[in-house]
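Chain residues, written in single-letter form:
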Amino acid sequence: MPNTKRRRLFVRGAAATIAVALGATALTACGSSDEDSAESGPVSLTYWTWTPGMDKVVDLWNKGQGKKDQITVTVKKQASGDTLVTKILTAHKAGKAPDLVQAEYQALPTLVSNDALADIAKNVGDAKSKFADGVWQQTTLGTDAVYAVPQDIGPMMFYYRADLFKKYGLTVPTTWEQFAATARALKEKAPETDLTTFSANDSGLFAGLAQQAGAKWWTTSGDKWNVGINDAATKKVADFWGGLVKEGAIDNQPMYTPAWNKALNTGKQIAWVSAVWAPGTLTTAAPDTKGKWAMAPLPQWSNSENVTGSWGGSSTAVTTDSKHKEAAAKFAAWLNTDGDALNALAKESGIYPASTSAQLSGAFTTPPDYFSNQADFYTTAAKIAKTTAPSAWGPNVNVAYTTFKDAFGAAAKDKSDFSAALDKMQADTVADLKKQGFEVSE
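Since the structure is predicted, the reported quantities are computational estimates derived from the model, not experimental observations.

J.: Sorry if this is basic, but what is going on with the overall build of the chain here?
T.: Looking only at helices and strands, the chain features 18 helices and nine strands. Projected onto its principal axes, the C-alpha positions of the chain cover 70 × 50 × 40 Å. Sequence separation of at least 24 residues holds for 77% of the intrachain contacts in the chain that already meet a minimum separation of 6. Just so you have it, the chain exposes about 17,900 Å², and 49% of that area is on carbon and sulfur atoms. Taking the 44 positively charged and 44 negatively charged side chains of the chain as two groups, their mean positions are separated by 2 Å.

Structure follows, in structure tokens:
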């Protein structure tokens, strides 16, 4: 589909999207001032981001390449997630969005559909070559446009207590069929112990598992959106986990609770399907088990496959309100591809970089302290990251995620039909798109 046609498709229903997303509070925050609108001379840019330590990373730019190019960037710390998306849309509605924004990958379609993000394809040089195809695709939305530069990613992997797997005579599963058999074998040997839990309080986990299975939740056909949240791939994932919960092979309690922390810390749960950022969570959740865990690739749906999903991650985008899009795009590319910038991001912000070259350098030449027993942690992580499957996000991910938490939360608690919960998620997402004014294929 020509990019211009796809662009028109994304902006269809934009006014309704803003009305639904905002609730709306006027903002006085703004991007470049009128004084900065000259074609030559010093340029001042504003960057909205939630990443900790970003001001220190930006200082490298301001004192180095930015000083040379006369481009100064000022960091304005923000809340993350839907809160920031709402604030960006509110500011854009007033024509006063900042020059640059940090955006999670799943938020990009919402921002693009509201015409809030600029196409910077002509301004980022060879940045594409620095990223895995599945990661770069998330910033293009399947078009010839480039709406952001990838910053950090969350390739999914399998974490397990190596000592307890040995104690119970378990083998690390390489397929989901083996994963289920491992869960059942553990229950026979230690009835009070669970391999893991199905949690409905973080939608990103399920979305990443569906992505690995080949799901395409939002796609386009002509001038219409196709919603495939209950497609065959996702139903396979839902039925798999729902079946394990129903038979009691795994736990059904949510993550990130005191009870979940205790289960991990005491060995009542001995594995976790998570992402590359898991060591940080485990350090807090299960401090007494440091050095006892190991990481392996995510189980596959068949022996011939080698693909992972993504759970988390964000990008750096340039807004359509910026008066200095080329300068802003130059900074965005530097921030996420320059070696010194990426090392600083790892040190100051603790991110796992999207740039493939950075995944084996600097802070990533030694394993996380929590996994000091696994010397090849980041080498393995980099290999896994390269297998990240393409994603397919749409303009109302927030609605789908909210329904997931409600419908799957109830299904997990009651050990009822996960397919019915998935159908609910599909129906609510379609209804919301139509309410916003988007055309949807039936």
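Read on for the rest.
J.: How should the pattern of salt bridges be read in this particular structure?
T.: Throughout the structure, instances matching the rule amount to nine salt bridges. Ionic pairing is found between K187 and D194, a salt bridge with its closest N-O pair at 2.9 Å. On the basis of relative accessibility, which here comes to 22%, the residue K187 falls in the partly exposed class. When its relative accessible area of 5% is taken as the criterion, D194 is described as buried. Here D423 ties to K235 by a salt bridge, and the two come within 3.3 Å at their closest N and O atoms. Placement of D423 in helix 18 (residues 418-436) and of K235 in helix 11 (residues 232-247) is noted, with a sequence separation of 188 residues between them. Residue D423 is classed as partly exposed on the basis of its relative accessible area, which comes to 34%. The exposure class assigned to K235 is partly exposed, which follows from its relative accessible area of 24%. Via salt bridges that share partners, K187, D194 and K268 belong to a single interconnected network.

J.: Before we go on, may I ask you to explain unusual backbone geometry in this structure?
T.: Most peptide bonds adopt trans geometry, and most residues besides glycine take a negative phi value. Positioned with a positive phi, Q70 is a non-glycine residue whose angle comes to about 60°. The topology assignment puts Q70 in the loop between helix 4 (65-69) and strand 2 (71-77). Q70 gets classed as partly exposed once you look at its relative accessible area, which sits at 42%. Located in the positive-phi region is Y256, a residue other than glycine, with phi close to 65°. Judged by relative accessible area, which is 36%, Y256 ranks as partly exposed.

J.: Teacher, can you tell me more about the packing of helix 3 (residues 54-63) against helix 15 (residues 339-349) here?
T.: Relative placement of two packed helices is described by the angle separating their axes and the distance separating the axes. Taken N-terminus to C-terminus, the directions of helix 3 and helix 15 make an angle of 160°; their axes are 9 Å apart at the nearest point. Relative to helix 15, the element helix 3 lies roughly antiparallel. As helix 3 runs across helix 15, the sense of the crossing is right-handed. Facing M54, K56, V57 and L60 of helix 3, the residues of helix 15 in contact are D340, A341, A344, L345, E348 and S349. Class assignment for the residues of the contact of helix 3 with helix 15 results in six nonpolar, one polar and three charged.

J.: Please clarify how the packing of aromatic side chains should be interpreted in this entry.
T.: Aromatic rings considered in pairs are described by the distance between their centres and by the relative angle of their planes. Tallying each qualifying case throughout the model produces 40 aromatic pairs. Look at F179 and F240: their rings are 6.2 Å apart centre to centre, the planes differ by 45°, and that puts the pair in the tilted class. Pair noted here: F179 is in helix 9 (residues 176-189) and F240 is in helix 11, with a separation of 61 residues, a long-range link. Taken individually, F179 and F240 each receive the classification buried, so the pair is uniform in this respect. Geometry around W48 places K87 over its ring, the cationic atom sitting 5.1 Å from the centre.

J.: When you look at the pairing of strand 9 (residues 310-318) in this model, what are you seeing that I'm missing?
T.: Side chains on a regular strand alternate between the two faces of the sheet. Most of strand 9 is tucked away: eight of the nine residues are buried. Across five bridges, strand 3 (residues 100-104) lies against strand 9 in antiparallel orientation. Directly across from A103, in strand 9, lies its bridge partner S315. Note that strand 4 (residues 149-161) and strand 9 share five bridges and pair antiparallel. Pairing of P155 across the sheet is with S310, part of strand 9.

J.: Looking at this structure, I do not really get the nonpolar core. What am I missing?
T.: Looking at soluble globular proteins, one finds that nonpolar side chains tend to be buried together. Of all hydrophobic cores here, the largest spans 144 residues; its most connected members are F198, W217, W218, W241, V273 and F408. A per-element tally of this core places helix 17 (residues 397-414) first, with eight residues. Ignoring sequence-local partners within four residues, the contact set of W217 consists of F206, A207, A210, N226, V227, G228, I229, T234, A392, Y401 and M425.

J.: Whenever I open this one, the side chain of D321 confuses me. Can you help?
T.: Locating D321 in the fold gives a position in the loop between strand 9 and helix 14 (325-337). This buried residue, D321, is left without a salt bridge; K325 holds the nearest opposite charge, at 7.2 Å. Here the side chain of D321 touches K96 through a polar contact of 3.5 Å, landing on its backbone nitrogen. With sequence-adjacent residues up to four places away left out, D321 is seen in contact with A91, H92, G95, K96 and A97.

J.: Please explain the environment of L264 as it appears in this structure.
T.: Structurally, the position occupied by L264 is in helix 12 (residues 258-266). Each C-alpha atom of the pair L264 and T366 lies 24 Å from the other, and the pair is 102 residues apart in sequence. Setting aside residues no more than four positions away along its own chain, L264 makes contact with R161, Q269, L282, A285, A286, T289 and W293.

J.: Would you mind going over helix 15 with me for this structure?
T.: Where helix 15 is concerned, the buried positions are A341, L342, A344, L345, A346 and S349. Against the buried residues of helix 15 lie helix 3, strand 4 and helix 14. Two or three places before D340, at the start of helix 15, stands the capping residue D338, its side-chain oxygen 3.0 Å from that residue's backbone nitrogen. Phi turns positive one or two residues past the end of helix 15, at G350, with a value near 70°.

J.: Would you take a moment to explain helix 9 for this structure?
T.: In an α-helix there are 3.6 residues to a turn, and that puts residues three or four apart on one side. Its 14 residues place the ends of helix 9 20 Å apart at the C-alpha level, agreeing with the 20 Å of an ideal helix rising 1.5 Å per residue. Buried residues belonging to helix 9 abut strand 4, helix 8 (162-167), helix 10 (203-212), helix 11 and strand 7 (271-275).

Parameters and conventions
- Per chain, residue numbering runs from 1 following the sequence as it is written.
- Restriction of local features to residues with pLDDT of at least 70 applies here, the model being predicted, together with a cutoff of 80 or more for giving and counting side-chain atom pairs; totals for whole chains, interfaces and linings are based on all residues.
- Computation of side-chain values: all heavy atoms of the structure, hydrogens and water removed.
- The numbering of helices and of strands both runs from the N terminus, where a helix is a DSSP run of H or I of at least 4 residues and a strand a run of E of at least 2.
- Contacts were defined at the residue level, with two residues in contact if any of their heavy atoms lie within 4.5 Å.
- Accessible surface area values rest on a Shrake-Rupley calculation with a 1.4 Å probe, where residue burial reflects the displayed protein chains alone.
- Charge assignment in this entry is limited to Lys and Arg as positive and Asp and Glu as negative, and neither His nor the chain termini are counted.
- By convention, charge coordinates are those of NZ in Lys, CZ in Arg, CG in Asp, or CD in Glu.
- What counts as a salt bridge is simple: a side-chain nitrogen of Lys or Arg found within 4 Å of a carboxyl oxygen of Asp or Glu.
- Buried means the residue's accessible area, taken with a 1.4 Å probe over protein chains only, is under 20% of the maximum for its type, while exposed means over 50%, and partly exposed covers the values in between.
- Axis geometry follows a simple rule: fit a line to the C-alpha atoms, using only the stretch in contact for helices, then measure angles between N-to-C directions, giving values from 0 to 180 degrees.
- Every angle not falling under 35 degrees, over 145, or within 65 to 115 is termed oblique; those three ranges are roughly parallel, roughly antiparallel and roughly perpendicular.
- Handedness of a helix crossing follows the sense of rotation of the near helix relative to the far helix, less than a right angle counterclockwise being left-handed and clockwise being right-handed.
- Each residue is assigned to one of three groups, with Ala, Val, Leu, Ile, Met, Phe, Trp, Tyr, Cys and Pro labelled nonpolar, Asp, Glu, Lys and Arg labelled charged, and all others, Gly among them, labelled polar.
- Between 30 and 60 degrees the pair is tilted, below 30 it is stacked and above 60 it is edge-to-face, where a pair is any two Phe, Tyr or Trp rings, Trp via its six-membered ring, whose centres lie within 6.5 Å.
- By definition here, charges over rings are those cases where NZ of Lys or CZ of Arg is within 6 Å of the ring centre and within 35 degrees of the ring normal.
- One requirement defines pairing of two strands: DSSP has to find at least two bridges between them.
- Residue types Ala, Val, Leu, Ile, Met, Phe, Trp, Tyr and Cys, when buried and joined through side-chain atoms within 4.5 Å, form a set referred to as a nonpolar core.
- What qualifies as a polar contact is a pair of N or O atoms within 3.5 Å, subject to a donor-acceptor requirement within protein and to the restriction that residues adjacent in sequence count only when both atoms come from side chains.
- Each residue after the first adds 1.5 Å to the expected span of a helix.

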